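# Tertiary structure, described
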Amino acid sequence: MKVFIAVVEEESFTKAAHKLHMTQPAVSSYIRQLEEELDITLIERSTRGIRLNAAGEIYYHHAKEMMILESRMQHLIIDLQEETKGPIRIGASYTYGEYILPSMLASLIEKYPKIVPEVHISNSATIMNDIRSATLDIGIIEDEIQDLKVNMTRLLKDEMHVIGNAGFPDQPTHQSLKEATWLIREEGSGTRSYQEQAFIHLEIQPKTITLSSTQAIKNAVASGMGLSLLSKHTIHHELETGRLKRIEYNNVSLERHFYLLTPDVRFHSTSTLALLDMFNSTAIEHHDTSR
């Protein structure tokens, strides 16, 4: 199974052999034996490379899930030694993962030096899917998404600010907000979801340009391309230096929350529990969406 996964992900028998420290004939033999046991072809070979057929896609999907479960089982058994250590897989939205999470992990590792965090920065939709499948131990997103297989904790409140470059009026008219180009995040992003809600709140339907990172949006706004709506955590430095400025409109207050997600599983590793304790000490409220 491990050999099959390596061949698929490396898209090459040769590269898979190198990764697994095996010979290419040995890798080919493993795949041939696997296909003979299942009595079906999984990988189509051609001069252009390899390609999974429908059976191969099914086998790969479930093989990955089985490997994740095996790894999780091993870590939980090791945890019976009652020492807080080992890996913890964290998925975080761009805002939380890049601007808030690093300091928390520094505190965690200072207290538990043998914990090994593995952080994946992604959008809310991807993180939710990975939590649902237990590929991640912990997720932090910017959307409240109801799901029976996910436990959710509301974390800190976040303020959202309309930002522009130095030349944009401090207190714009409603018309100028409507006519401005707005820089927004990609579909699936928690920030994008809130940006769209804010347009409804502000009663505008502006022209938009989509960029897939907060840093790119800040650079575009600073260059005069338009306005955006971003978390206060992401623009602190730019506001201090004057590269960006906060745009006020009728004292409108725009707020959201970050949410902590965990898979609906019976056991958590000691490293996961240690980080959850840290999060829960500052959480606003807890509600289990599986109930």
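Reading the values: rules and limits
Residues numbered from 1 in each chain as written. Predicted model: local features only at pLDDT ≥ 70, side-chain atom pairs only at ≥ 80, totals over all residues. Heavy atoms only, no water. Helix = DSSP H or I, 4+ residues; strand = E, 2+ residues; numbered from the N terminus. Contact = heavy atoms within 4.5 Å. Areas by Shrake-Rupley, 256 points an atom, 1.4 Å probe, with all protein chains shown as cover. Lys, Arg positive; Asp, Glu negative; His and termini not counted. Charge placed at Lys NZ, Arg CZ, Asp CG, Glu CD. Core = buried A, V, L, I, M, F, W, Y, C linked by side-chain atoms within 4.5 Å. Buried < 20%, exposed > 50% of the residue type's maximum accessible area, 1.4 Å probe, protein only. Arc of directions from axis to C-beta. pLDDT = per-residue confidence, 0-100.

Scanning the protein for helices and strands turns up 12 helices and 12 strands. Taking the principal axes of its C-alpha atoms as reference, the protein extends roughly 70 × 50 × 35 Å. Sequence separation of at least 24 residues holds for 75% of the intrachain contacts in the protein that already meet a minimum separation of 6. Carbon and sulfur atoms provide 51% of the accessible area of the protein, an area that totals close to 15800 Å². Across the protein, the 29 positively charged side chains and the 39 negatively charged ones have centroids separated by 2 Å.

Residues I90, Y96, I138, I140, L275 and F279 are the most contacted members of the largest nonpolar core, which totals 19 residues. For L275, the contacting residues outside a window of four places in its chain are I88, I90, L105, L108 and I138.

Turning next to helix α10 (residues 214–222). Helical geometry note: an α-helix holds 3.6 residues per turn, so side chains three or four residues apart project in the same direction. Residues of α10 that are buried: T214, I217, K218, A220 and V221. Angularly, the buried residues of α10 cover 165 degrees about the axis, an arc narrow enough to put them on a single face. In this fold, the buried residues of α10 make contact with α5 (94–99), β6 (150–164), β7 (182–184), β9 (228–231) and α11 (232–241). Of the residues flanking the end of α10, it is G224, one or two places downstream, whose phi is positive at about 90 degrees.

In this section: unusual backbone geometry. Phi at H21 takes a positive value of approximately 60 degrees, unusual for a residue other than glycine. Assignment of secondary structure puts H21 in the loop between α2 (13–20) and α3 (24–38).

Tracing the backbone through its elements, the reader meets A222 in helix α10. Separated by 20 residues in sequence, A222 and G242 have C-alpha atoms that sit 9.6 Å apart. For A222, the contacting residues outside a window of four places in its chain are N165, R243 and L244.

A separate point is the confidence of the model for the protein. Overall, the predicted model of the protein reaches an average pLDDT of 86, with 93% of residues at or above 70. This model gives residues 286–291 a pLDDT under 50, and the stretch forms 18 contacts once residues within four places in sequence are excluded.

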